[in-house]
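Architecture and fold: a report
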Amino acid sequence: MKTDVLAELAATLEQRKVAGVDTSYVASLHAKGLNKILEKVGEESVETILAAKDAAVSGDKTDLIYETADLWFHTLVMLSHLNLGPEAVLDELARRFNLSGLEEKASRSE
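On a predicted model such as this, the values are computed, not experimentally measured, just so you know.

This part covers the overall build of the chain. Of the regular secondary structure elements, the chain holds six helices and zero strands. The order of α-helices and β-strands along the chain, N terminus first, is α-α-α-α-α-α. In terms of overall dimensions, the chain has a C-alpha envelope of 45 × 35 × 35 Å along the principal axes. Considering the chain as a whole, with its 110 residues, one finds that 25% of them fall into the buried category.

Structure follows, in structure tokens:
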């Protein structure tokens, strides 16, 4: 199932946290620290936004899918660095499932 991809990727990211920095991109990100990981998340966010704008004009969504995959990947690395997995985000999405967006937003403390 495709939903298993997220769990498999999370497990792989955990394994690569302790891999050699010369052999693993993920290990090299962890070695550089949270700020570098956040920089990558920000970079991929911008690239995803630009790809979405381009897709809206051209109709070709190939780059949008590619950039979104990069964004998700780097977000998962960020979560892993902070000792969280995708299940924490999935649990939060499940919690919100029966709330309207306006109710959820109103329930946040500001």
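That covers the picture; the talk isn't over yet.
So, about the side chain of Thr48. With respect to the element layout, Thr48 can be found in helix H3 (residues 34-58). Residue class for Thr48 comes out buried when judged on its relative accessible area of 12%. If near-sequence neighbours (up to four positions away) are discounted, Thr48 is found in contact with Leu64, Glu67, Thr68 and Leu71.

Our focus in this paragraph is the pattern of salt bridges. In the structure shown here, the tally under the stated rule is six salt bridges. Where Glu14 meets Lys17, a salt bridge forms, and the shortest distance between an N and an O atom there is 3.5 Å. Residue Lys17 is classed as partly exposed on the basis of its relative accessible area, which comes to 21%. With a shortest N-O distance of 2.7 Å, Glu92 and Arg95 are connected by a salt bridge. Placement of both Glu92 and Arg95 in helix H5 (residues 86-96) is noted, with a separation of three residues, approximately one turn of the helix. Classification of Glu92 as partly exposed rests on a relative accessible area of 27%. Here the salt bridges share partners, and the residues they tie into one network are Lys40, Glu43 and Glu44.

The next subject is the nonpolar core. Ranked by size, the top nonpolar core spans ten residues in total: Leu13, Val26, Leu29, Ile37, Val41, Leu71, Leu76, Val77, Met78 and Leu79. Breaking this core down by element, the ones donating at least two residues are helix H2 (25-32), H3 and helix H4 (62-81). With five residues, H4 is the single largest residue contributor to this core. Once residues within four sequence positions are removed from consideration, Val41 is found in contact with Leu71, His74, Thr75 and Met78.

Cut-offs used in this document
Residues numbered from 1 in each chain as written. Predicted model: local features only at pLDDT ≥ 70, side-chain atom pairs only at ≥ 80, totals over all residues. Heavy atoms only, no water. Helix = DSSP H or I, 4+ residues; strand = E, 2+ residues; numbered from the N terminus. Buried < 20%, exposed > 50% of the residue type's maximum accessible area, 1.4 Å probe, protein only. Contact = heavy atoms within 4.5 Å. Salt bridge = Lys/Arg side-chain N within 4 Å of Asp/Glu carboxyl O. Core = buried A, V, L, I, M, F, W, Y, C linked by side-chain atoms within 4.5 Å.

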